[in-house]
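Structural overview for review
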Amino acid sequence: MTTKKELQKKIEHLGAFEERVSVRIENISIKLTEYDRIEIFFELYSTTDDNKLKQETKVNVVFYDNDEKILDYNSTFIDPSDFWGFAVDYVRMNTYSHETDKISKIRIYPTICG
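A few points on the structure. (Residues numbered from 1 in each chain as written. Predicted model: local features only at pLDDT ≥ 70, side-chain atom pairs only at ≥ 80, totals over all residues. Heavy atoms only, no water.)

**Some words on the environment of Ile108**
Within the fold, Ile108 resides in strand E7 (residues 105-112). Not counting residues within four places of it along the chain, the set of residues in contact with Ile108 comprises Ile11, Glu12, His13, Leu14, Ile25, Ile28, Ile40, Phe42, Val59, Asn60 and Val61. (Helix = DSSP H or I, 4+ residues; strand = E, 2+ residues; numbered from the N terminus. Contact = heavy atoms within 4.5 Å.)

Next up, the structure:
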């Protein structure tokens, strides 16, 4: 089984997406839950002058295998009315921790809803 530290090294940011949405994703960490699931925690910061989100923001996490095929996908939404310059949130994946050896890359990126 791949360790949390090894999984952490497989995380890729898509900076162009962050720039386009006017946010920064930082301090990403991985947790293996008591129910054998993988959770990806992160902080989301606004890069606008007023530190607000332009619109509802969706943070996506995708797991890929060695053949660049998608193994798992999930997302969470950050509502601008609940946002105060930064937010801490997480995405719970459907992949079980005993399946981590299949993961070759983890992408995390924002998109705008609506």
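**Some details on the sheet that holds strand E5 (residues 70-78)**
Strands sit in the order E1-E7-E4-E5 across an open sheet of four strands; the sheet is mixed. Pairing within the sheet leaves two strands with one partner each, and these edge strands are strand E1 (11-13) and E5. When the angles between neighbouring strand axes are averaged without regard to direction, this sheet yields 20°. (Pairing = 2+ DSSP bridges. Axes fitted to C-alpha atoms, helices over the stretch in contact; angles between N-to-C directions.)

**Re the environment of Thr47**
By the element assignment, Thr47 lies in the loop between strand E3 (37-46) and strand E4 (57-64). You can call Thr47 partly exposed: its relative accessible area is 41%. Between the alpha carbons of Thr47 and Ser22 there is a distance of 5.1 Å; along the sequence they are 25 residues apart. Aside from chain neighbours lying at most four places away, what touches Thr47 is Ser22, Val23 and Arg24. (Buried < 20%, exposed > 50% of the residue type's maximum accessible area, 1.4 Å probe, protein only.)

**Some words on the nonpolar core**
Counting 23 residues, the largest nonpolar core has Ile40, Phe42, Leu44, Val61, Phe63, Ile106 and Ile108 as the members making the most contacts within it. Only strand E2 (23-32), E3, E4, strand E6 (86-96) and E7 provide two or more residues apiece to this core. Those residues within four positions of Ile106 in sequence are excluded, and the remaining contacts are Leu7, Lys10, Ile11, Glu12, Ile30, Val61, Val62 and Phe63. (Core = buried A, V, L, I, M, F, W, Y, C linked by side-chain atoms within 4.5 Å.)

**Some points on the pattern of salt bridges**
Once their charged atoms are close, side chains differing in charge can pair, the charge on each being opposite to the other. Inspection of the entire model under this criterion finds four salt bridges. For Glu12, the salt bridge is made with Arg107, and the minimal N-O distance between the two is 3.2 Å. Remark: Arg107 occurs in strand E7 and Glu12 occurs in strand E1; sequence separation between them is 95 residues. A relative accessible area of 24% means that Arg107 is categorised as partly exposed. Here Arg92 ties to Glu39 by a salt bridge, and the two come within 2.6 Å at their closest N and O atoms. Placement of the pair is Arg92 in strand E6 and Glu39 in strand E3, with a sequence separation of 53 residues. Overall, Arg92 belongs to the partly exposed group, its relative accessible area being 41%. Residue classification places Glu39 among the buried positions, given a relative accessible area of 4%. (Salt bridge = Lys/Arg side-chain N within 4 Å of Asp/Glu carboxyl O.)

**Some points on the packing of aromatic side chains**
According to the stated counting rule, one finds three aromatic pairs in the structure shown. The cationic tip of Lys105 hangs over the ring face of Tyr64; the distance from NZ or CZ to the ring centre is 4.9 Å. (Phe/Tyr/Trp six-rings, centres within 6.5 Å; stacked < 30°, edge-to-face > 60°. Lys NZ or Arg CZ within 6 Å of the ring centre and 35° of its normal.)

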